[in-house]
Amino acid sequence: NNIIMKNTAIMDIFKSNEDKNISFTDVVKFFGNTFNFEHKVEQCSRDKKVCELNDILVGSKIYRGIIAPIIVSEEDTSIGYIFLLEDITETKVMERSKDEFFAVASHELRTPLTAIRGNSSMILDMYKDKIKSKDVTEMLVDINDASKRLIGIVNDFLDVSRLEQGKIEIKNTEFGISSTINKVIKSVKEGADTKNVELSYKKTKEVKVFTDEEKVEQILFNLIGNAIKFTSVGNVSIETKVAGNFVKISV
């Protein structure tokens with residue numbers, strides 16, 4: 001634990017200079033109770049493996065580090081280690097700002113898009129037979145389809161942002177899996193009919209599952225939607241089977 005070499009960057013982090021040597025004790029004290037540096041060094045040296053240290057919080061700063069043991073190959077022994085430390089506070093702040101921007105932007109975008117989708121859908125349902133022009137009908141269908149795709153993209157942005165911030169909540173409830181699958185099939189059937197792709201569902205008896213229904217629905221919507229998208233000729237089939245304490249869903 002004698003420090004042989006150090007560069008100016010590490011001296012800046014430890015607020016040191018050429019007149020003051022940094023000791024191993026100084027490094028341990030720098031991390032304090034937030035991170036057991038001494039224990040990590042012993043572990044890396046003993047295991048003879050490079051250890052990554054992620055998101056170490058010291059005061060208001062966030063650091064990332066690497067401890068790399070120096071191995072004498074002939075004897076396979078560790079004679080010391082190299083310790084790299086990087087201040088990533090600014091990077092982390094920028095990442096959080098980006099995540100917050102996506103979260104806010106996604107919410108703000110979803111409101112007008114939902115209005116466009118809802119109104120275009122209502123016009124098609126209520127006035128489709130009264131619209132004489134085929135071109136106008138096609139334009140309304142395009143508006144409705146495009147708004148659905150945009151809402152999907154916005155939702156993806158929102159989910160990524162929530163995941164990165166650790167804000168995804170799993171809300172477990174008991175529900176019938178067949179009912180959820182039928183709900184998804186109903187929502188994607190129009191796209192399948194447009195491509196003349198047959199949708200079929202081979203189900204067992206209704207099975208109750210305990211998980212997050214919204215997340216399951218979203219995953220199934222993506223899987224079945226992609227299956228329809230990439231099927232030019234033929235059919236898309238969904239099947240459920242009970243496998244022990246689980247339900248296996250195949251698309």
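Computed from a predicted model, the values in this text were never measured in an experiment.

Visitor: What's the story with unusual backbone geometry in this structure? I'm lost.
Guide: With the exception of glycine, most residues fall at negative phi, and the peptide bonds are largely trans. A positive phi angle is found at Asp55, which is not glycine, with a value near 50 degrees. Tracing the backbone through its elements, the reader meets Asp55 in strand E1 (residues 51–58). Even without glycine at this site, Asn196 takes up a positive phi of about 55 degrees. With respect to the helices, strands and loops of the structure, Asn196 is situated in the loop between helix H6 (177–194) and strand E5 (198–202).

Visitor: How should I be thinking about the sheet that holds E5 in this particular structure?
Guide: Pairing between the strands of a sheet is mediated by backbone hydrogen bonds and can be parallel or antiparallel. Strand order in the open sheet made by the three strands is E5-E7-E8, with mixed pairing throughout. Each edge of the sheet is formed by a strand with only one pairing partner; in this case those strands are E5 and strand E8 (246–250). Between one strand and the next, the sheet's axes are offset by a mean angle of 10 degrees, whatever the strand orientation. Judged from the five bridges that link them, E5 and strand E7 (residues 235–243) form a sheet pairing that is parallel. Its bridge partner being in E7, Ser200 is matched across the sheet by Ser237. Across the face of the sheet, H6 comes into contact with E5, E7 and E8 while running at roughly 175 degrees to E5. Here helix H7 (residues 213–229) sits on the sheet in contact with E5, E7 and E8, set at roughly 145 degrees to E7.

Visitor: For this particular structure, what's the right way to read the sheet that holds strand E2 (residues 61–72)?
Guide: Taken together, three strands build an open sheet; the order of strands is E1-E2-E3 and the sheet is antiparallel. Strands with a single pairing partner mark the edges of an open sheet, and in this sheet they are E1 and strand E3 (77–87). Pairwise comparison of adjacent strand axes, ignoring direction, gives a mean angle of 25 degrees for this sheet. As paired elements, E2 and E3 share 10 bridges and run antiparallel to each other. Across the sheet, residue Ile67 finds its bridge partner in E3, namely Phe83. Sitting on the sheet, helix H2 (residues 24–31) touches E1, E2 and E3, and the angle it makes with E3 is about 45 degrees. Sheet contacts for helix H4 (residues 89–127): E1, E2 and E3; angle to E2, the most-contacted strand, approximately 130 degrees.

Visitor: What is the right way to read the pattern of salt bridges from this model?
Guide: Proximity of charged atoms lets side chains of opposite charge pair with each other. Counted according to the given criterion, the structure contains eight salt bridges. Linking Asp87 and Lys61 is a salt bridge whose minimum nitrogen-to-oxygen distance equals 3.5 Å. Placement of the pair is Asp87 in strand E3 and Lys61 in strand E2, with a sequence separation of 26 residues. For Asp87, a relative accessible area of 34% corresponds to the partly exposed category. The partner of Arg64 in a salt bridge is Glu86, and the shortest N-O contact between them spans 2.6 Å. Here Arg64 is found in strand E2, whereas its partner Glu86 is found in strand E3, with 22 residues between them in sequence. Judged by its relative accessible area of 38%, Arg64 falls in the partly exposed class.

Visitor: Looking at this structure, how should I read the packing of H6 against H7?
Guide: How two helices sit against one another is set out by the angle between their axes and by the gap between those axes. The contact between H6 and H7 brings their axes to 9 Å, and the two run at 35 degrees. The element H6 and its partner H7 pack so that their crossing is right-handed. Residues Ile177, Thr180, Ile181, Lys183, Val184, Ser187, Val188, Gly191 and Ala192 of H6 pack against Glu213, Val216, Glu217, Leu220, Phe221, Ile224 and Ile228 of H7. Along the lines of polarity and charge, the residues of the contact of H6 with H7 split into 10 nonpolar, three polar and three charged.

Visitor: What's the story with helix H3 (residues 37–47) in this structure? I'm lost.
Guide: Helical periodicity: at 3.6 residues per turn, an α-helix aligns residues three or four positions apart in one direction. Within H3, the full set of buried residues consists of Phe37, Val41 and Cys44. Angular distribution of buried residues about the axis of H3 spans 70 degrees; they occupy a single face of the element. At its buried positions, H3 is contacted by H2, E1, E2 and E3. Backbone geometry just downstream of H3 places Lys48 in the positive-phi region, at approximately 55 degrees.

Rules used in this analysis
- Residues numbered from 1 in each chain as written.
- Predicted model: local features only at pLDDT ≥ 70, side-chain atom pairs only at ≥ 80, totals over all residues.
- Heavy atoms only, no water.
- Helix = DSSP H or I, 4+ residues; strand = E, 2+ residues; numbered from the N terminus.
- Pairing = 2+ DSSP bridges.
- Axes fitted to C-alpha atoms, helices over the stretch in contact; angles between N-to-C directions.
- Contact = heavy atoms within 4.5 Å.
- Salt bridge = Lys/Arg side-chain N within 4 Å of Asp/Glu carboxyl O.
- Buried < 20%, exposed > 50% of the residue type's maximum accessible area, 1.4 Å probe, protein only.
- Left-handed = near helix turned anticlockwise from the far one by under 90°.
- Nonpolar A, V, L, I, M, F, W, Y, C, P; charged D, E, K, R; others polar.
- Arc of directions from axis to C-beta.

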